[in-house]
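# Summary of the model geometry
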Amino acid sequence: MDKYITLLKEKLDNKRFLHSLGVAETAQELAIKNEVDPELAYLSGILHDYGKNISCENLIKIAENNKLITDEIEKKNPFLLHGPVGAYLLEKELGIKNREVLEAVRYHTTGKPNLGKLGLIIYIADLIEPNRRLTGIETIRKLAYQDLYKGVLTGINYTLVHVIEQNQPIHSLSIDARNWLLDIIN
Ligand SMILES: [Fe+2]
Ligand SMILES: [Fe+2]
């Protein structure tokens, strides 16, 4: 674990590194509550923004070359690609093989239908970790600790409202993830 922490500390700026530590700790707590391996959750939190400091041009280039594009809006909003590209590079550069970890990193920005528990944990931990000072996040934080699925649904709702207010396009995977969660919760 320590080697990954050191590596990400070097790779990310300080704010982003502290955010990753916050995600790791939050993910570890949520993992214990949801019968997920807490160490894998911590590791995924540390690694989730591995693709974050890659330029937009390179994100698009790597994604196109490796068929990682799932929605054309990713080309106009390349930050959406730091998940898929990050997961791809974690496997290629660091030899991370664990499918759940790679899935969690890959879909931490958009979510996806049938996302595994570790993926759900990283999605919501990314939003609610203690360094995040977003308005209205406290309710989502409480809910996520009570019920992971309801927490993630509320987290997706929160993110989509923000995306709509900014007049940004919605990623199709987020819509599908939301519909899937609505289905299993109700
Ligand atoms: Fe991210
Ligand atoms: Fe993040």
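Above this text you will find the structure in question.
Presented here is an overview of the structure given in this document. (Residues numbered from 1 in each chain as written. Chains lettered and ligands numbered in written order. Predicted model: local features only at pLDDT ≥ 70, side-chain atom pairs only at ≥ 80, totals over all residues. Heavy atoms only, no water.)

## Observations concerning the overall build of the protein chain
Here is the rule we go by: Think of it this way: any DSSP run of H or I at least four residues long counts as a helix, any run of E at least two long counts as a strand, and we number them from the N terminus. Just to be clear, the radius of gyration here is over C-alpha atoms, and the globule rule we use is 2.2 Å times residues to the power 0.38. A simple rule labels every residue: compare its accessible area, found with a 1.4 Å probe on the protein chains alone, to the largest value its type can have, and call it buried under 20%, exposed over 50%, or partly exposed in between. Throughout, a residue-residue contact means that at least one pair of heavy atoms, one from each residue, lies within 4.5 Å. Each accessible area is a Shrake-Rupley result for a 1.4 Å probe, and residues are judged covered by the shown protein chains and nothing else.
Check the secondary structure of the protein chain and you find 11 helices and 0 strands. Along the protein chain, helices (α) and strands (β) appear in the sequence α-α-α-α-α-α-α-α-α-α-α when read from the amino end. What you see for the protein chain is a C-alpha radius of gyration of 15 Å, in line with the 16 Å of a compact globule of 186 residues. By principal-axis analysis of the C-alpha atoms, the protein chain measures approximately 40 × 35 × 30 Å. Put simply, the protein chain has 186 residues, and 48% of those count as buried. Sequence separation of 24 or more characterises 60% of the internal contacts of the protein chain that already satisfy a separation of 6 or more. On the protein chain, roughly 9600 Å² of surface is accessible, and the fraction owed to carbon and sulfur atoms is 51%.

## Things to note about the coordination of the iron ion (ligand 2)
How we decide: Any nitrogen, oxygen or sulfur atom within 2.8 Å of a metal ion counts as a donor, with the limit raised to 3.2 Å for Na, K and Ca, and since water is left out, coordination shells can look unfinished.
Protein ligation of the iron ion (ligand 2) involves His19 (NE2), His48 (NE2), Asp49 (OD) and Asp126 (OD), the donor distances falling in the range 2.2 to 2.4 Å. For the pair the iron ion (ligand 2) and the iron ion (ligand 1), the metal-to-metal distance amounts to 3.3 Å, and Asp49 bridges them.

## Overview of the coordination of the iron ion (ligand 1)
Coordination of the iron ion (ligand 1) by the protein comes from Asp49 (OD), His82 (NE2) and His108 (NE2), over a distance range of 2.1 Å. Of note, the iron ion (ligand 1) draws all its donor residues from one chain, in the sequence arrangement D-x32-H-x25-H. Taking the relative accessible area as the measure of exposure, Asp49 reaches 1% and is therefore buried. For His108, a relative accessible area of 2% gives the class buried.

## Topic: the environment of Glu100
With respect to the helices and strands, the residue Glu100 is situated in helix H7 (residues 99-106). By relative accessible area, which is 45% here, Glu100 ends up partly exposed. Expressed as a C-alpha distance, the spacing of Glu100 and Asp2, which sit 98 residues apart in the sequence, is 20 Å.

## Observations regarding the nonpolar core
Formally: Residue types Ala, Val, Leu, Ile, Met, Phe, Trp, Tyr and Cys, when buried and joined through side-chain atoms within 4.5 Å, form a set referred to as a nonpolar core.
By size, the foremost hydrophobic cluster in this structure holds 56 residues, and its most contacted members are Ile46, Leu47, Val85, Ile124, Ile128 and Val152. It is helix H8 (residues 117-128) that contributes the most residues to this core, 9 residues altogether. Once residues lying within four places of it in the same chain are set aside, the contact partners of Leu47 are Tyr4, Leu8, Leu90, Leu94, Ile96, Val101 and Val105.

## Side note on helix H11 (residues 172-185)
Cut-off, in case you're wondering: Helices are assigned an expected span. That span is 1.5 Å times one less than the residue count.
For H11, built from 14 residues, the straight-helix expectation of 20 Å at 1.5 Å per residue is met to within 8% by its first-to-last C-alpha distance of 20 Å. Looking at the buried residues of H11, the elements they touch are H8 and helix H10 (148-165).

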